[in-house]
Amino acid sequence: MADPTKRSDENGREPTSSDDANLTARLKSLDARIDKASAQRSKMTESATRSKSDSSALGQAFRLSAEFVSGVIAGGIVGWLVDRLFGISPWGLIVCVILGFCAGMLNLLRAAGMLKGARYDEKQ
C-alpha cells in the first residue's frame, strides 16, 4: 500500500522545495487579497448600517414622542370640553389631562413593544 504521509502531484512525481515555496507565496498573496477585500467590505457595511440605524432610531424617537404627546393633548381637549359643557371648571381638565397622560404612557409602551396590544391572542 501507498504511504499516506507522502505527497505527490497529479503526475505522480514528488513535490520539490520550489513547488512548496511557490505554493507558500501564492497562499500569502491570497491571504493578503482576502484581508484587503474583507476590510473594504466591513467599511462599506459599517457606514451603511450606521446611517440606517441612526435614521431608524430618530424615526422611532419621533413616533414614541408623538404617541405620548397626542394622548396628553387629546385628554386636555376632552377636559376643556367637559368643563365648558358641565361648568365644572378646572376639574374636568385636570381629570382628563391625567387620563390623557395615562393613555399616552400606555400607547408609548405598546409602540415600544414593552406591552402586548389590547387584542393580543396567544396562539399555541
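Above this text sits the structure in question.
Chemist: Explain the overall build of the protein here, please?
Modeler: In terms of helices and strands, the protein carries two helices and zero strands. Buried residues in the protein amount to 9% of all 124 residues. The contacts of the protein with a sequence gap of at least 6 include a subset with a gap of at least 24, amounting to 40%. Only carbon and sulfur atoms are counted for the fraction: they give 62% of the accessible area of the protein, which is about 10,600 Å².

Chemist: Where do I start with the packing of aromatic side chains in this structure?
Modeler: For any pair of aromatic rings, the description consists of the separation of the ring centres together with the inter-plane angle of the planes. Scanning all chains against the criterion turns up one aromatic pair. Considering the side-chain rings of F68 and F101, the 5.3 Å spacing of their centres and the 85 degrees angle between planes classify their relative orientation as edge-to-face. Of this pair, F68 sits in helix α1 (residues 17-86) while F101 sits in helix α2 (residues 91-112), placing them 33 residues apart in sequence. Since its relative accessible area comes to 41%, F101 is described here as partly exposed.

Chemist: Where do I start with the side chain of D83 in this structure?
Modeler: Tracing the backbone through its elements, the reader meets D83 in helix α1. There is no salt bridge for the buried D83, and the closest opposite charge comes from R84, which lies 7.3 Å off by N-O distance. A polar side-chain atom of D83 sits 3.2 Å from the main-chain amide nitrogen of L93.

Chemist: What am I meant to see in α2 here?
Modeler: The α-helix advances 3.6 residues per turn, and as a result positions three or four apart in sequence lie on the same side. Taking 1.5 Å as the rise per residue, α2 with 22 residues should run 32 Å; its terminal C-alpha atoms sit 31 Å apart, in good agreement. Burial in α2 covers these residues: G92, C96, G100, G104 and A111. Take α2 and look down its axis: the buried residues cluster within an arc of 95 degrees, on one side only. Exposed residues on α2 whose side chains face more than 90 degrees from its buried face are W91 and L99. G113 sits one or two residues past α2 and shows a positive phi near 85 degrees.

Chemist: Would you mind showing me how to read a nonpolar patch on the surface here?
Modeler: A surface patch of nonpolar side chains, about 600 Å² in accessible area, is lined by V69, I73, I77, W80, L81, L93 and V97. If you list the elements that add at least two residues to the nonpolar patch, you get α1 and α2.

Chemist: Mind showing me how you'd approach the environment of G104 here?
Modeler: Relative to the helices and strands, G104 resides in helix α2. For the pair G104 and E67, spaced 37 residues apart in sequence, the C-alpha separation works out to 6.0 Å. Those residues in contact with G104 that lie beyond four places of it in its chain are E67, F68 and G71.

Chemist: Please explain the environment of L108 as it appears in this structure.
Modeler: Inspection of the secondary structure assignment puts L108 in helix α2. It is 8.7 Å that separates the C-alpha atoms of L108 and R63, two residues lying 45 residues apart in sequence. Beyond its immediate stretch of four places on either side in the chain, L108 contacts L64, E67 and F68.

Conventions we followed
- Residues numbered from 1 in each chain as written.
- Predicted model: local features only at pLDDT ≥ 70, side-chain atom pairs only at ≥ 80, totals over all residues.
- Heavy atoms only, no water.
- Helix = DSSP H or I, 4+ residues; strand = E, 2+ residues; numbered from the N terminus.
- Buried < 20%, exposed > 50% of the residue type's maximum accessible area, 1.4 Å probe, protein only.
- Contact = heavy atoms within 4.5 Å.
- Areas by Shrake-Rupley, 256 points an atom, 1.4 Å probe, with all protein chains shown as cover.
- Phe/Tyr/Trp six-rings, centres within 6.5 Å; stacked < 30°, edge-to-face > 60°.
- Lys, Arg positive; Asp, Glu negative; His and termini not counted.
- Salt bridge = Lys/Arg side-chain N within 4 Å of Asp/Glu carboxyl O.
- Polar contact = N/O pair within 3.5 Å; in protein donor to acceptor, adjacent residues only side chain to side chain.
- Expected span 1.5 Å × (residues − 1).
- Arc of directions from axis to C-beta.
- Patch = residues over 30% accessible without salt bridge, like charges linked within 9 Å, V, L, I, M, F, W, Y side chains within 5 Å.

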